[in-house]
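Structural characterization, general
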Amino acid sequence: MPSPRLLRRIVDRPLCALAAVALTVLLASCAVTPPGTPGSASPGQPTTAPTPPVIRLPPPAGTVERNRSRWVPASFSELPGWQDEQLSDWWPAMRQGCQNPPTAWATLCTEVRQTSGLPDGLLLRLWAESKLQVYRVESLDGDPAGLLTGYFEPEVAASRRPAWNRKVPLYGPPADLVPKKPYWTRQQLDTLPAARSALQGREIAWVEDPLDALILQIQGSGRLMLTEPDGGQRLIRLAFAGHNEQPYKSIGRWLIDQGELTPAQASWPGIKDWARRNPRRVQEMLWQNPRYVFFREEPLLDPTVGPKGAQAVPLTPGRSIAVDPQSVPYGTPVWLDTTEPLSTKPLQRLVMAQDTGSAITGAVRADFFWGWGDEAEANAGRMKQGLKMWVLWPKG
């Protein structure tokens, strides 16, 4: 191990300067709620013992309170699996996040952007442990347990014009859509003449299955293998461009409440299977979710680059998550302690908070971005795991 003096010299330097000493390092190897006054018992009736007081301890010193969470000071030694983490796999997502960093990260992100290439894993570990403070994320009442789900970028076959096998349109925002003002519901957009008229001329493309359109809307973006009128094909991206400001309602929850599926069956594959078996009820199911999402078309110049999340930077498969920004700000490194989908195999890694979603609310709540393709869809559809999380934040 390096000497304390050498470590002090190392951690005081920017990351790009750490490479110069890497070889040397390797070789040197409260408040109390009072009880209420009990009422007097009637003659002949037993008295009831008073309820014990509820003791609420103040949060530990250094705790940071946000709107929907509190961050409790912790240490790197408390992160399950930290010593086994491959930080070089996380670094590209960190660099993406530094393209649009939170104010508190401005100085460190300047350092990150000036670092060329992929730093050595040991250097990244030394840099993180010297520059960043670990906080455990809890609810405001001190609960550290939460939930991790998954999402992905769908890829769907589509046509620029409607066809006999592709009659479900995907729309850009209508001209009378006003941000933060409730618009027509999904059912109204499908049935009312005035609502349908507002969508005329806003069609981007047509897909075959209404569930394909729904999954694009739920995920918030997607890829279209688009057939143009001349028969040529090209891959484009649909990016989120707004919604109708109606509440999001889970069709999986509706199917459970109807007794059609069990909670274990209400994954995306299970919902698609139910739809195949109940084609006459698909429209009824879709209308249970009044939210409707509109898109804009973007060129997909590099199919290896993910869609942009709410932080306005591209998402990195396996290293980006969606969070509640009132609990964790965009651009924050987050340590996850959870398990693989439908498994007890640990999933412990450093990711970046770079997106959000209407269903992602609360302190210890995240949505794990799996990427695109069949495997990503399968993993995202099965993921519903218990979660504990920590954030890494620049030292003061």
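Residues numbered from 1 in each chain as written. Predicted model: local features only at pLDDT ≥ 70, side-chain atom pairs only at ≥ 80, totals over all residues. Heavy atoms only, no water.

**A look at the state of the cysteines**
Considering all chains together, one arrives at 1 disulfide under this definition. Here Cys98 connects covalently by a disulfide to Cys109, the sulfurs 2.1 Å from one another. Looking along the S-S bond of the Cys98-Cys109 disulfide, the torsion reads about -65°, which is the left-handed sense. Linking Cys98 in the loop between α3 (87–97) and α4 (106–113) with Cys109 in helix α4, this pair joins segments that are 11 residues apart in sequence. The exposure classification of Cys98 matches that of Cys109, with both residues buried. (Disulfide = S-S within 2.5 Å. Helix = DSSP H or I, 4+ residues; strand = E, 2+ residues; numbered from the N terminus. Buried < 20%, exposed > 50% of the residue type's maximum accessible area, 1.4 Å probe, protein only.)

**Comments concerning the confidence of the model for the chain**
In regions of low pLDDT, the predicted coordinates are not meant to be interpreted in detail. The predicted model of the chain averages 87 in pLDDT, with 86% of residues at 70 or higher. Overall, residues 1–13 carries pLDDT values under 50, and its contacts beyond four positions in sequence, including any with other chains, amount to 19 contacts. In the predicted structure, residues 16–48 sits below a pLDDT of 50 and forms 32 contacts with residues beyond four places in sequence or in another chain. (pLDDT = per-residue confidence, 0-100. Contact = heavy atoms within 4.5 Å.)

**Here's the deal with the pattern of salt bridges**
For the structure on display, the rule yields 17 salt bridges. In this structure, the salt-bridge partner of Arg223 is Glu153, at a minimum N-O distance of 2.8 Å. One end of the pair, Arg223, is in strand β10 (residues 222–227); the other, Glu153, is in strand β6 (residues 146–153), with 70 residues separating them in the sequence. Each member of the pair Arg223 and Glu153 is classed as buried. Salt-bridge contacts for Glu228 lead to Arg234; the nearest nitrogen and oxygen are separated by 2.7 Å. Residue Glu228 is classed as buried on the basis of its relative accessible area of 16%. Connected through shared salt-bridge partners, Arg160, Glu228, Arg234 and Glu297 make up one network. (Salt bridge = Lys/Arg side-chain N within 4 Å of Asp/Glu carboxyl O.)

**What to know about the packing of aromatic side chains**
Both the distance between ring centres and the angle between the ring planes are used here to describe each pair of aromatic rings. Counted under the stated rule, the structure contains 13 aromatic pairs. Geometrically, the ring pair formed by Trp71 and Trp393 is edge-to-face, given 5.5 Å between the ring centres and 65° between the ring planes. Of the two residues, Trp71 is situated in strand β4 (residues 70–74) and Trp393 in strand β17 (residues 384–394); the sequence distance between them amounts to 322 residues. Taken individually, Trp71 and Trp393 each receive the classification buried, so the pair is uniform in this respect. Ring plane angle 55° and centroid distance 5.3 Å describe the contact between Tyr151 and Phe369, whose orientation is recorded as tilted. Here Tyr151, found in strand β6, pairs with Phe369, found in strand β16 (residues 365–372); they are 218 residues apart in sequence, far enough to count as distant. Here Tyr151 matches Phe369 in class, with each residue buried. (Phe/Tyr/Trp six-rings, centres within 6.5 Å; stacked < 30°, edge-to-face > 60°.)

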